[in-house]
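# Descriptive analysis of the structure
One-letter residues, chain by chain:
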Amino acid sequence: MEPLGSNATQGRKVTLNASTLAMAVMVIILLVAVIFAANSNAIVGWFVVVISAGWLLLAAIMIFGLKRGAEKINNSLREASAAATPRAQSGSVVVDEATSQRDMKLDHSFKIVQVQARVISEQREAKGPDSEEMIDRALETIQMTAANARDMIKPATPIDGEIID
């Protein structure tokens, strides 16, 4: 298994060479044991052959098992990253806290304007003695809210600095 972002062929080549070297050493040990056991024709020599064959079998199981496990993990990581890529590119935008807070304040300002517009329409229909005063107060509130909202949109001081890409 190679680290994410690394050159996969280079990592696989090193792993393949190390495992090939280990298997070659184990095969050579088995062949030497067989040759010595055949030459001496003693039971102890054949025990050494059986033991070296067991080690060769164990090494083969470990090497091929680890390779298969590493390939499965690598495939599952690729699938997980492929599944996560569309979600990351779904148009989500990272917004800082200042922008979020400004947007909440602007939303509140627009709600105030909507409420005051409703007050004006109700007072125009009522035509009571205090309706002109209420309409004037609602218009004044709308003007103040609009001025405050415009101040939130444009920066108070010009931004000065160096643009870094």
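Attention here is on the structure that accompanies the text.

Here is what the cut-offs are and how they apply
- Residues numbered from 1 in each chain as written.
- Predicted model: local features only at pLDDT ≥ 70, side-chain atom pairs only at ≥ 80, totals over all residues.
- Heavy atoms only, no water.
- Helix = DSSP H or I, 4+ residues; strand = E, 2+ residues; numbered from the N terminus.
- Buried < 20%, exposed > 50% of the residue type's maximum accessible area, 1.4 Å probe, protein only.
- Areas by Shrake-Rupley, 256 points an atom, 1.4 Å probe, with all protein chains shown as cover.
- Core = buried A, V, L, I, M, F, W, Y, C linked by side-chain atoms within 4.5 Å.
- Contact = heavy atoms within 4.5 Å.
- Patch = residues over 30% accessible without salt bridge, like charges linked within 9 Å, V, L, I, M, F, W, Y side chains within 5 Å.
- Salt bridge = Lys/Arg side-chain N within 4 Å of Asp/Glu carboxyl O.
- Expected span 1.5 Å × (residues − 1).

In this section: the overall build of the protein chain. Within the protein chain, the secondary structure is distributed over four helices and zero strands. Counting only residues that meet the buried cut, the protein chain has 16% of its 165 residues in that class. Per element, the accessible surface of the protein chain, about 13,500 Å² overall, is 64% carbon and sulfur.

With that settled, the discussion passes to the nonpolar core. One finds Met23, Met26, Leu30, Ala33, Ala37, Val49, Leu56, Ala59, Ala60 and Ile63 forming the largest nonpolar core, which totals 10 residues. Residue contacts for Leu30: discarding those within four places in its chain leaves Val49, Ser52, Ala53 and Leu56.

In this fold, Ala22 is placed in helix α1 (residues 8-40). Residue Ala22 is classed as partly exposed on the basis of its relative accessible area, which comes to 34%. Residues Ala22 and Ala60, spaced 38 residues apart in sequence, show a C-alpha to C-alpha distance of 9.2 Å.

In terms of backbone geometry, most residues other than glycine have negative phi values and most peptide bonds are trans. Backbone geometry at Lys127 places phi at a positive 50 degrees, although glycine is not the residue there. Within the secondary structure, Lys127 is located in the loop between α3 (97-126) and α4 (131-153).

On the surface, Ile51, Trp55, Leu58, Met62 and Leu66 cluster together to form a nonpolar patch covering roughly 560 Å² of accessible area. The residue Leu66 is located in helix α2 (residues 43-88) in this model. With a relative accessible area of 60%, Leu66 lands in the exposed category.

Okay, α4 next. The terminal C-alpha atoms of α4 lie 33 Å apart, and with 23 residues this matches the ideal 33 Å at 1.5 Å per residue to within 8%. Buried residues of α4: Ser131, Ile135, Ala138, Thr145 and Ala149, and no others. Residues of α4 that are buried make contact with α3.

Summed over all chains, the structure comprises four salt bridges. One salt bridge in this structure joins Lys111 and Asp107, with 3.4 Å as the shortest N-O distance. Pair noted here: Lys111 and Asp107 are both in helix α3, with a separation of four residues, about one helical turn. Classification of Lys111 as partly exposed rests on a relative accessible area of 45%. For Asp107, a relative accessible area of 37% corresponds to the partly exposed category. The salt bridge partner of Arg118 is Glu122, with a shortest N-O separation of 3.7 Å. Note that Arg118 and Glu122 are positioned in helix α3 at a spacing of four residues, about one turn of the helix. Note on Glu122: relative accessible area 43%, which makes it partly exposed.

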